[in-house]
Amino acid sequence: MARVVGVPKEIKDQEGRVSMQPDGVAELVHHGHEVVVEAGAGLGAGFRDEEYEEAGARLVDGPDEVFEAADLIVKVK
């Protein structure tokens, strides 16, 4: 069963990590899932939005869009 996985940007002060790297997105997409990533979610960890798009993610503008679209949310903490 395919799922929509959401990756919001972390909001804790001084948090630079992201819950999923682009290679993880590619793996989920390869297995038939959709991944929705909030724009800028990976910047603190050194991943550009373009890397997520190239891996197959759909970028959205804010956390509300991630939470509305996803069946499952992936967070750092």
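Sequence positions are assigned chain by chain, starting from 1 and proceeding in written order. Under the rules for a predicted model, residues below a pLDDT of 70 receive no local features and side-chain atom pairs below 80 are neither given nor counted, while totals for whole chains, interfaces and linings still include all residues. Remark: hydrogens and water are excluded; side-chain values derive from all non-hydrogen atoms of the structure.

*Asks:* Residues and numbers for the nonpolar core, please.
*Replies:* Among the buried residues, those of types Ala, Val, Leu, Ile, Met, Phe, Trp, Tyr and Cys that are joined through side-chain atoms within 4.5 Å form a nonpolar core. Relative accessibility thresholds used throughout: buried, under 20% of the residue-type maximum; exposed, over 50%; partly exposed, between the two (1.4 Å probe, protein chains only). Among the nonpolar cores identified, the biggest contains 13 residues, and M20, V25, V35, V37 and Y52 are the most heavily contacted of them. In what follows, a contact means two residues having at least one pair of non-hydrogen atoms within 4.5 Å. Every residue in contact with V37, bar those within four places of it in the chain, is listed here: V7, Y52, A57, R58, L59, V60 and V66.

*Asks:* Give a detailed account of the sheet that holds strand β1 (residues 4–7), specifying residues and quantitative values.
*Replies:* Picture the strands of a sheet paired through backbone hydrogen bonds; they go either parallel or antiparallel. Two strands are said to pair when DSSP picks up at least two bridges between them. Each helix is a run of DSSP H or I of at least 4 residues and each strand a run of E of at least 2, with the numbering of both proceeding from the N terminus. Strands sit in the order β3-β2-β1-β4 across an open sheet of four strands; the sheet is parallel. Of all strands in the sheet, those bounded by a partner on one side alone are β3 (58–60) and β4 (72–73). Pairing of strand β2 (residues 34–38) with β3 involves three bridges; the strand directions are parallel. Looking across to β3, one finds that V37 is bridged to L59.

*Asks:* Before we move on, can you summarise the pattern of salt bridges with the specific residues and values?
*Replies:* When a carboxyl oxygen of Asp or Glu is within 4 Å of a side-chain nitrogen of Lys or Arg, the pair counts as a salt bridge. What the rule picks out here adds up to five salt bridges. A salt bridge links E10 to K75; the nearest nitrogen and oxygen atoms lie 3.0 Å apart. Residue E10 is found in the loop between β1 and α1 (22–30), and its partner K75 is found in the segment after β4; the two are separated by 65 residues along the sequence. On the basis of relative accessibility, which here comes to 10%, the residue E10 falls in the buried class. Measuring nitrogen to oxygen at the nearest pair gives 2.8 Å for the salt bridge that ties E15 to R17. Connected through shared salt-bridge partners, R48, E50 and E51 make up one network.

*Asks:* Talk me through a negative patch on the surface; I want residue IDs and the actual numbers.
*Replies:* Like charges within 9 Å and nonpolar side chains (Val, Leu, Ile, Met, Phe, Trp, Tyr) within 5 Å are joined into patches, using only residues over 30% in relative accessible area that form no salt bridge. Only the protein chains shown count as cover for residues, with accessible areas throughout obtained via the Shrake-Rupley method and a probe of 1.4 Å. As used throughout, the charge tally considers Lys and Arg to be positive and Asp and Glu to be negative, leaving His and the chain termini uncounted. Note on charges: their place is set at NZ of Lys, CZ of Arg, CG of Asp or CD of Glu. Residues D61, D64, E65 and E68 make up a contiguous surface patch of negative charge. For D64, the location among the structural elements is in helix α3 (residues 63–69). Overall, the relative accessible area of 58% leaves D64 in the exposed class.

*Asks:* Can you lay out the side chain of E38 for me, pointing to particular residues and giving the numbers?
*Replies:* Here E38 shows up in strand β2. The buried charged residue E38 lacks any salt bridge, with K9 as its nearest oppositely charged partner at 6.4 Å. Beyond its immediate sequence surroundings of up to four residues, E38 is in contact with V7, P8, K9, V60, D61, G62, P63 and V66.

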